[in-house]
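Structure assessment
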Amino acid sequence: MKEPVTKKVDKISLSKFYADHRAILELELVSNPLSMGRSILMPAINRPGLALSGFFSHYAHERIQVFGSGEMAYLSTLQDPERSERLRRICAKDVPCLIFTNKVDVPRDVIRIADECSVPVFRSTLPTMDLVNRATIILNDNFATSTTLHGCMVDVRGVGVLITGPSGIGKSEVSLGLVERGASLVADDMVVIRNVSGHLIASAPELSSSFIEIRGIGIINVTHIFGKRAFRRSKPLDLVIKLDNGEMSSTERLGLERQTIPILGVDVECMTLPVAPGRDMSRLVEVAALGRHLREDGHDMAREFSSRLRREIEARNPNTPSADA
């Protein structure tokens, strides 16, 4: 697999963020909509309690500013002109927006000052921590470094398997066979991989979501044929399987050596499966996925067999030095 092109996200549009996530964050715009041209520059949330108290040395102005019950209580103790001065400094520079939680009535002077500084103000019905938690997950996902790989991604009994290999080797057919066995298709042909806080998450481009191309048949929608369980929008990547039409004799037979490949800075377990006439590749991929699942639970079948073989050799040849010596 050649080194994929990596896409990094430096900022996201506030208007798109609002359009995409207003429902889950229960947001309502309460200020001038003409201020929606700003960008979010950091995948994090800030609660400006220290800034309200006048301490701006470490003010995280690149972040969304969230006003909860504590900030509102402190704000109510401030009198003009100190109150206006603090609010203007909070709205200065490149602050993306202000969000007031708990469905509070946003003070009119806050909206007025924010409008003067062209900073959008939102109100959410969510409790503060619920909004912060949801927004943090969304931002981490939106800012995630991503790449697109050629292959098929399938959820095989809870194991996220990326099937790769040269064009025409049968990746889609193997994936279709797995779906028939109860697996769920994530993506066919083009797989989008995102590094979300050190975890690789795979999905399909929106255009090809739930579709798979089978040579000789054409494009099919797996949900129409196998039902909704046959498709998943995203899945963590656990295992990469390379389909190879090389010599079977060159393949590692015992499975003791674990190979990995780096994807977006994360090492992912990888194995090569030779393709040959008569081999049920879908079944082999399923067994490989189940083996990966067992290893996660502490059961390494290859090493168990190796240990058993070593004990048998030692029992037959008592004078043979132990491998553990």
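Quick caveat: nothing in here was measured; it's all calculated off a predicted structure. (Residues numbered from 1 in each chain as written. Predicted model: local features only at pLDDT ≥ 70, side-chain atom pairs only at ≥ 80, totals over all residues. Heavy atoms only, no water.)

A closer look at the packing of helix α7 (residues 171-180) against helix α9 (residues 281-296)
For clarity, the cut-off: Here the axes come from fitting lines to C-alpha atoms, over the contacting stretch only for helices, and the angles between their N-to-C directions go from 0 to 180 degrees. The helix count covers DSSP runs of H or I at least four residues long, the strand count covers runs of E at least two residues long, and both are numbered beginning at the N terminus. Throughout, the term roughly parallel applies to angles under 35 degrees, roughly antiparallel to angles over 145, roughly perpendicular to angles from 65 to 115, and oblique to all others. Rotating anticlockwise by less than a right angle from the far helix to the near helix defines a left-handed crossing, while the corresponding clockwise rotation defines a right-handed one. Any two residues whose heavy atoms approach within 4.5 Å at even a single point are treated as in contact. Ten residues, namely Ala, Val, Leu, Ile, Met, Phe, Trp, Tyr, Cys and Pro, are considered nonpolar, four, namely Asp, Glu, Lys and Arg, are considered charged, and the remaining ones, Gly among them, are considered polar.
Where α7 meets α9, the closest approach of the two axes is 8 Å, and the angle between their N-to-C directions is 70 degrees. On the basis of their axis angle, the class for α7 and α9 is roughly perpendicular. Seen along the crossing, α7 lies across α9 with a hand that is right-handed. The segment α7 lies against α9, with E173, V174, G177 and L178 engaging M281, S282, V285 and E286. Among the residues forming the contact of α7 with α9, the class breakdown is four nonpolar, two polar and two charged.

Some points on unusual backbone geometry
Residue P81 is reached from D80 by a cis peptide bond, and omega for that bond is 5 degrees. Within the secondary structure, P81 sits in the loop between α3 (69-75) and α4 (82-90). In the Ramachandran plot, R157 falls in the positive-phi region, its phi being about 50 degrees despite a non-glycine side chain. Positionally, R157 belongs in the loop between β9 (145-156) and β10 (159-164). Phi angles above zero are rare outside glycine, and D189 is one such case at about 80 degrees. Mapping D189 onto the fold places it in strand β11 (residues 184-196).

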